[in-house]
Amino acid sequence: MTSDPHTSTPSGAPSALRATAPLTKAPPPPDPVAGEHDQWHRTHRPWSARRLPAALVAAVILVAAGAALVDVVAVRAGRPAAAWRRHLTGELGTRPVDDVWMLTGAAVATAVGLWLIVLALTPGLRHQLPLRTPTPGVRACLDRDGAADLLRDAAMQVPGISTARIRVRRHRVKARADVRFRDLQQVKDDLTAVLHEERDRLALARPPRIVVRVRRRTD
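Residues numbered from 1 in each chain as written. Predicted model: local features only at pLDDT ≥ 70, side-chain atom pairs only at ≥ 80, totals over all residues. Heavy atoms only, no water.

**Quick word on the pairing of strand β5 (residues 209-216)**
At step 1: Sheet topology note: the strand β4 (residues 172-179)/β5 ladder contains eight bridges and is parallel. When the bridges of β5 are listed, Asp178 appears paired with Arg215.
At step 2: For the crossover that starts at β4, traverses helix α6 (residues 184-201) and ends in the parallel β5, the hand is right-handed. (Pairing = 2+ DSSP bridges. Helix = DSSP H or I, 4+ residues; strand = E, 2+ residues; numbered from the N terminus. Right-handed = clockwise from strand over helix to strand, strands pointing away.)

What follows is the structure in structure tokens.
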């Protein structure tokens with residue numbers, strides 16, 4: 001006859017109790033949507049090379065510095081100073097500070113200086129829309145015209161719309177549609193929902209606000 005493990009042994013040892021693990025609540029499964037959003041990283045626009053402004057500034061500085069250097073070398077060689085330099089020196093020495101030409105020149109110089117400062121502190125490439133990327137340090141951009149084409153294709157799928165015009169800006173998307181049939185409010189609601197869905201698919205780092213306008217087309 002076999003002994004029961006839950007009863008006392010013949011030697012008088014305490015009965016062996018079966019060990020049971022405490023019941024704990026299993027952790028909930030990870031949310032795939034939340035994990036997907038956590039993996040996206042916002043990016044910024046790449047900095048423009050500013051080739052045209054840099055070329056213009058370099059050309060102006062080169063011409064001015066070259067003319068001044070040639071005139072200085074000529075003066076050092078015993079020749080008289082150039083007429084343009086003598087005229088400029090005389091005008092700057094005799095004209096008062098509140099003269100119209102002095103104020104105009106100062107205003108132009110200030111405007112050019114502010115323009116160069118703005119160019120140096122801003123990235124440029126305003127026609128590019130930064131996208132969210134799954135890897136940090138990787139930058140991706142979408143052209144505004146390309147985004148407008150994708151949104152226009154989505155808008156044309158809405159029943160009742162004959163033509164659609166989409167303009168994409170940094171902070172706003174303007175959509176105008178001509179409606180052939182169906183109720184205008186229903187078409188507007190469907191178009192707004194479709195554009196919001198398509199905008200989310202673009203994975204823009206800063207999704208713009210969507211403004212929809214519809215009108216009845218009778219011709």
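Next comes the rest of the account.
**Some points on the pattern of salt bridges**
At step 1: Taken as a whole and judged by the stated rule, the model has 10 salt bridges.
At step 2: Salt-bridge contacts for Arg85 lead to Asp71; the nearest nitrogen and oxygen are separated by 2.0 Å. Here Arg85, found in helix α3 (residues 83-94), pairs with Asp71, found in helix α2 (residues 51-76); they are 14 residues apart in sequence, far enough to count as distant.
At step 3: Taking relative accessible area as the criterion, Asp71 reaches 5% and is therefore assigned buried.
At step 4: With its nearest N and O atoms 2.7 Å apart, the salt bridge here joins Arg215 to Asp178. Of this pair, Arg215 sits in strand β5 while Asp178 sits in strand β4, and the two are 37 residues apart along the sequence.
At step 5: Since its relative accessible area comes to 1%, Asp178 is described here as buried. (Salt bridge = Lys/Arg side-chain N within 4 Å of Asp/Glu carboxyl O. Buried < 20%, exposed > 50% of the residue type's maximum accessible area, 1.4 Å probe, protein only.)

**Focus on a positive patch on the surface**
At step 1: A contiguous patch of positive charge, built from Arg167, Arg169, Arg172, Lys174, Arg176, Lys188, Arg209 and Arg213, is present on the exposed surface.
At step 2: With three residues, β4 is the largest single contributor of residues to the positive patch.
At step 3: Within the element layout of this structure, Arg209 appears in strand β5. (Patch = residues over 30% accessible without salt bridge, like charges linked within 9 Å, V, L, I, M, F, W, Y side chains within 5 Å. Areas by Shrake-Rupley, 256 points an atom, 1.4 Å probe, with all protein chains shown as cover. Lys, Arg positive; Asp, Glu negative; His and termini not counted. Charge placed at Lys NZ, Arg CZ, Asp CG, Glu CD.)

**What about the confidence of the model for the protein?**
The predicted coordinates should not be examined in detail at positions where pLDDT is low.
At step 1: Looking at the protein, pLDDT values average 79 and 79% of them are 70 or higher.
At step 2: Confidence drops under pLDDT 50 across residues 1-38; counting only partners more than four residues distant or on other chains, this segment forms seven contacts. (pLDDT = per-residue confidence, 0-100. Contact = heavy atoms within 4.5 Å.)

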